[in-house]
Amino acid sequence: MSNNESAITLFNGKSGLEVLVPRQIAENKKERALPASYNGMMICIVGIKTTAGRFLPVSHEGDSNETYIDKVELLGTRRVEFIARKQKGIERRAHMRLFRDLTEQTIVDQPWQDSFRAWFGRECEIPNDLCTLCWNDSLFGSLVAGKGATFSRVRYFDSYSLESVDDCVAMLGSEEGMAIGNTVGENLSEKRGDASLHYYEYVKAGTHFPFITIIENATLLDLAGLLQATKMADVHGYGKYSTNHGKFATEVLAVAAGMPHFSVLDMLAWGGSGLGELRSHFDPAKPQVKFDAITGGEAPSVYQPSAFDALAGTLSSQFKLYASELSKEITRKK
Ligand SMILES: [Zn+2]
């Protein structure tokens, strides 16, 4: 495939939307579920996330007044760990905001809540009142106790900083030292003392995290939507303690219709010789990475960042198609 083609061409003109439309479970039953259909598409997104401010990747919750970020020894370097679950959680919430926005842009005469109730029977709240039928649940999975579960179609992988902890973390003993803030549980009626202060380590701005995300049974709407949700999550922020923290810039290096022949660890090794070396593996003129098609052979891939831009325009047209399929399904059900 020519590298100048748009990422849309990976879908060969198919939307793949059938996996997103809930169906009646049986002729005589009222209940609906997302179909267990298989559309044969697998999409892989590869890129680099760069911190644009302080970032606190913390995998545990706690009320302690000291916060230490997750670190791990890997490929001979102590690195910051950015776990898949964290990335997925933030992108899921960003995706839900996008989903509601798109719904109001498409069904303009009512609030998104009314459209969601008509389409899915409820408003669908993350994480405790999921509907199991909507685009967000289909992509990120849903579990409703006693009712069933939908497996997630999107797969995230743990990532690690390209830079060593010594270079990219402000901590005890580093030049910056730990940061100081107020504790969340501070009692404002009492005089401030040591207990009202919160000490925390943070990842400095300009730290790079290579990432790989895979969407199984992917639809064109999923790809366009996830790229847009990522941009929203970057601005919203990933990570604990303050919504002002964890801002990122995401650079997409490749989108392919198949499985990567390499891992995040390989990307860290390439980046060990500099960011340029890592990027050069995805050079549109001479890519040095491979993706395998599900059916064997090499998967079609796009490496040209400008070729991903066309997807933004696709988002609203694919969403209109999804909304009209949902409305048709409701009419059929009645
Ligand atoms: Zn839902």
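Scroll up to find the structure.
Residues numbered from 1 in each chain as written. Predicted model: local features only at pLDDT ≥ 70, side-chain atom pairs only at ≥ 80, totals over all residues.

A. Representation of the pairing of strand S15 (residues 208–216). Pairing of strand S3 (residues 42–51) with S15, which is carried by 9 bridges, proceeds in the antiparallel orientation. Bridge pairing in S15 links Ile43 to Ile215. Direction of pairing for strand S9 (residues 154–156) relative to S15: antiparallel, over a ladder of 3 bridges. In the sheet register, Val154 faces S15, and the bridge partner there is Ile215. (Pairing = 2+ DSSP bridges. Helix = DSSP H or I, 4+ residues; strand = E, 2+ residues; numbered from the N terminus.)

B. Representation of the nonpolar core within the structure. The biggest cluster of nonpolar side chains holds 81 residues, and the ones touching the most others in it are Ala7, Ile43, Cys44, Leu223, Ala254 and Val255. If one sorts the elements of this core by residue count, helix H5 (residues 220–236) sits on top with 8 residues. If we ignore the near neighbours within four places in the chain, the residues touching Ile43 are Leu10, Ile215, Ala218, Leu223, Val255 and Ala257. (Core = buried A, V, L, I, M, F, W, Y, C linked by C-beta atoms within 7 Å. Buried ≥ 20, exposed ≤ 12 C-beta atoms within 10 Å, placed from the backbone. Contact = placed C-beta atoms within 7 Å.)

C. Highlighting the sheet that holds strand S5 (residues 71–74). Across the sheet, 3 strands lie side by side as S5-S6-S10; this open sheet has antiparallel pairing. Two strands lie at the open edges of the sheet, namely S5 and strand S10 (159–160), each paired on one side alone. Here S5 runs beside strand S6 (residues 77–82); their pairing, made up of 4 bridges, is antiparallel. Residue pairing for S6: Leu74 is matched across the bridge by Thr77.

D. Fine view of unusual backbone geometry. The peptide bond linking Ile126 to Pro127 adopts the cis configuration, its omega dihedral lying at 0°. In this fold, Pro127 is placed in the loop between helix H2 (112–120) and helix H3 (135–140). Phi is positive for Cys124, which is not a glycine, with a value near 65°. Turning to its location among the elements, Cys124 is positioned in the loop between H2 and H3. By the C-beta count within 10 Å, which is 23 here, Cys124 ends up buried. Of note in the backbone geometry, Asn217 takes a positive phi value of approximately 45° without being a glycine. Examined against the element boundaries, Asn217 turns out to sit in the loop between S15 and H5. On the basis of neighbour counts, which here come to 22 C-beta atoms within 10 Å, the residue Asn217 falls in the buried class.

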